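Okay, here's what each chain looks like letter by letter:
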Amino acid sequence: MRGDADGRAHRRRHSGARRLHALAALPLLASVLAGCGGTASAGPAVLNWYQFPDDSGALQQAADSCGKASGGRYVIHYNKLPRTADGQRQQLVRRLAAHDSSMDILGLDVTWAPEFAEAGWAREWTGVTKEQATEDTLPVPLQTTTWKGKLYGVPYNANTQLLWYRDDLVPTPPKTWAEMLAQAEALAKAGKPHFVEIQGAQYEGLTVWFNTLITSAGGAVLTPDATAPSLGPPGVTAAGIMHDLATSAAADPSLPNQMEDQNRLAMESGTAAFEINYPFVYPSMKADQPELFKHFKWAPYPGVEPGKPASVTIGGIDLAIGAYTRHADLAYEAALCLRNSDNQKVAALKGGLPPTLRSLYSDPDLGASYPFAAEILASLEAASVRPQTPAYQNVSIAISHTLSPPASIRPRSSIAGLRSQISDALSSKGLIP
């Protein structure tokens, strides 16, 4: 028994010594953690910016310059999202649904604000931050990030399509779709390059094409309150134009599978006379095909009716603040810096991304390297937005499924079927195709 008592006493002494050593080590451990950024006072706050992948370097330059301008209060980590819009949305949604606090600044496609606002994933912009976000900003880009009268982001960049054409084949660019198809037919008969490159694959680009045509015809996909399909005669007109192109000599054989980059490559290959696309095609043609570039010109997007300009569907990215960020005040400040005049100018010159600040369109430096700035501004001021609804993804899928491939469109019956599919999408009924 005595041996057991001595053993217990020995173990107690050693246990007490271990506790004393552990307590003595705590200050040292705290010091090590502080040196590794384990405390708020150890260094600048880290703000994570989730944005589309950028090969131009403009986004990383903006992140670095804003971090430096903060005077050491924050650094911005540019996290590249997947290249496709669907992949970008999927990653953001999954992390926000898990209440991820590292989601500080979110690059949202211009169609996502209603969904993210309704889900409580994006913070509202109010007070001084709202004033700063709206100052000098073009109205239509602001519309993309507004839901139920509240602002949920600041437009980082806009995007709009122009008509790009070869002036050695087309001395006078067409003003309507009918004129363009007639010119393409004439070029085909003469044995010259004649294709009209357009986004005909079953994806978001096809929805954008249809939305531009229906709004240019004076209609809309949804009613003003976004509770039901509108469509009507303008929808039939839009579907008819898509069908007419797809069944004419102007149609590239790859039309049903083409997206923006395939359109760019086809134009650069010399087989096309026209291309409906975004400004990124301009620096690409300049770099890849300098001989063709001499004849690569631009004009406003073709209208549906003579004398009426097109209402081109706006693209772009809005910067939202994640609902679960631990650094909300800094995130608002950083987002405003990322889209300031200097950074938007760099994004335009390096990456071809149209600015959302009106004053930049009169900047002489921008005009020198961005010679179509006036056409871009005019397009943005007359632009249309895609249907604003939290169910947008389902509505878009219904459109691209029903109208693909474009050659199979039967204008009246296709629009009647689309009306039914959109009704189901808005009511969360049926299966999404």
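Quick note: structure is the one above.
Residues numbered from 1 in each chain as written. Predicted model: local features only at pLDDT ≥ 70, side-chain atom pairs only at ≥ 80, totals over all residues. Heavy atoms only, no water.

**With respect to the overall build of the protein chain**
- The helix and strand inventory of the protein chain stands at 18 helices and 11 strands.
- Counting the 433 residues in the protein chain, one finds 51% classified as buried.
- Split by element, the accessible area of the protein chain, about 19,400 Å² in all, is 54% carbon and sulfur. (Helix = DSSP H or I, 4+ residues; strand = E, 2+ residues; numbered from the N terminus. Buried < 20%, exposed > 50% of the residue type's maximum accessible area, 1.4 Å probe, protein only. Areas by Shrake-Rupley, 256 points an atom, 1.4 Å probe, with all protein chains shown as cover.)

**Section: the sheet that holds strand 9 (residues 272-277)**
- The sheet built from 4 strands is open, its strands ordered 8-9-7-10 with mixed pairing. Looking along the sheet, the strands with just one partner apiece sit at the ends: strand 8 (195-197) and strand 10 (296-299). Ignoring strand direction, the axes of neighbouring strands in this sheet form an average angle of 20°.
- Set on the sheet, helix 7 (residues 177-189) makes contact with strand 7 (162-166), strand 8 and strand 9; between it and strand 9 the angle comes to about 150°. (Pairing = 2+ DSSP bridges. Axes fitted to C-alpha atoms, helices over the stretch in contact; angles between N-to-C directions. Contact = heavy atoms within 4.5 Å.)

**Digging into the packing of aromatic side chains**
- All told, the structure shown has 16 aromatic pairs when counted by the stated rule.
- Aromatic pair W298 and F372: ring centres 5.6 Å apart, planes at 75°, arrangement edge-to-face. Separated by 74 residues along the polypeptide, W298 in strand 10 and F372 in the loop between helix 15 (364-369) and helix 16 (373-381) bring together distant segments of the chain.
- Chaining the aromatic ring pairs together yields one cluster made of W164, Y282, F293, F296, W298, Y370 and F372. (Phe/Tyr/Trp six-rings, centres within 6.5 Å; stacked < 30°, edge-to-face > 60°.)

**With respect to the pattern of salt bridges**
- This structure, assessed with the given rule, holds 15 salt bridges.
- Salt-bridge contacts for D55 lead to R83; the nearest nitrogen and oxygen are separated by 3.0 Å. Of this pair, D55 sits in the loop between strand 1 (45-51) and helix 2 (58-69) while R83 is found in the loop between strand 2 (74-80) and helix 3 (85-97), placing the two residues 28 residues apart along the sequence. As far as the burial class goes, D55 and R83 line up, both exposed. (Salt bridge = Lys/Arg side-chain N within 4 Å of Asp/Glu carboxyl O.)

**Section: the pairing of strand 7**
- The buried count for strand 7 comes to 5 of 5 residues, which makes it a mostly enclosed element.
- Side chains L162, W164 and R166 project from strand 7 onto one buried face, and the interleaved L163 and Y165 project onto a second face that is buried too.
- Bridge count between strand 7 and strand 9: 4 bridges; the pairing is antiparallel. Paired with Y165 across the strands is F274, a residue of strand 9.

**A word on the sheet that holds strand 1**
- Strand order in the open sheet made by the 5 strands is 2-1-3-11-6, with mixed pairing throughout. A single partner strand is all that each edge strand has here, and the edge strands are strand 2 and strand 6 (154-159). Averaged over all pairs of adjacent strands, the angle between strand axes in this sheet comes to 20°, irrespective of strand direction.
- Both strand 1 and strand 3 (residues 105-109) contribute to a ladder of 2 bridges, which runs parallel. Across the sheet, residue W49 finds its bridge partner in strand 3, namely I105.
- The strands that helix 3 touches are strand 1 and strand 3; relative to strand 3, the one it contacts most, it runs at about 135°.

**Side note on the packing of helix 8 (residues 204-216) against helix 9 (residues 232-246)**
- Following both chains from N to C, one finds helix 8 and helix 9 inclined at 125°, their axes separated by 8 Å at the closest point. In this view, helix 8 runs oblique relative to helix 9, as classed from their interaxial angle. When the axes of helix 8 and helix 9 are compared, the crossing they make is right-handed. Listed contacts from helix 9 to L206, W209, F210, L213 and I214 of helix 8 are P234, G235, A238, A239, I241, M242 and L245.
- Grouping the amino acids of the contact of helix 8 with helix 9 by side-chain chemistry returns 11 nonpolar, 1 polar and no charged. (Parallel < 35°, antiparallel > 145°, perpendicular 65-115°, else oblique. Left-handed = near helix turned anticlockwise from the far one by under 90°. Nonpolar A, V, L, I, M, F, W, Y, C, P; charged D, E, K, R; others polar.)

So far we have only geometry, and geometry alone does not tell us how the molecule works.
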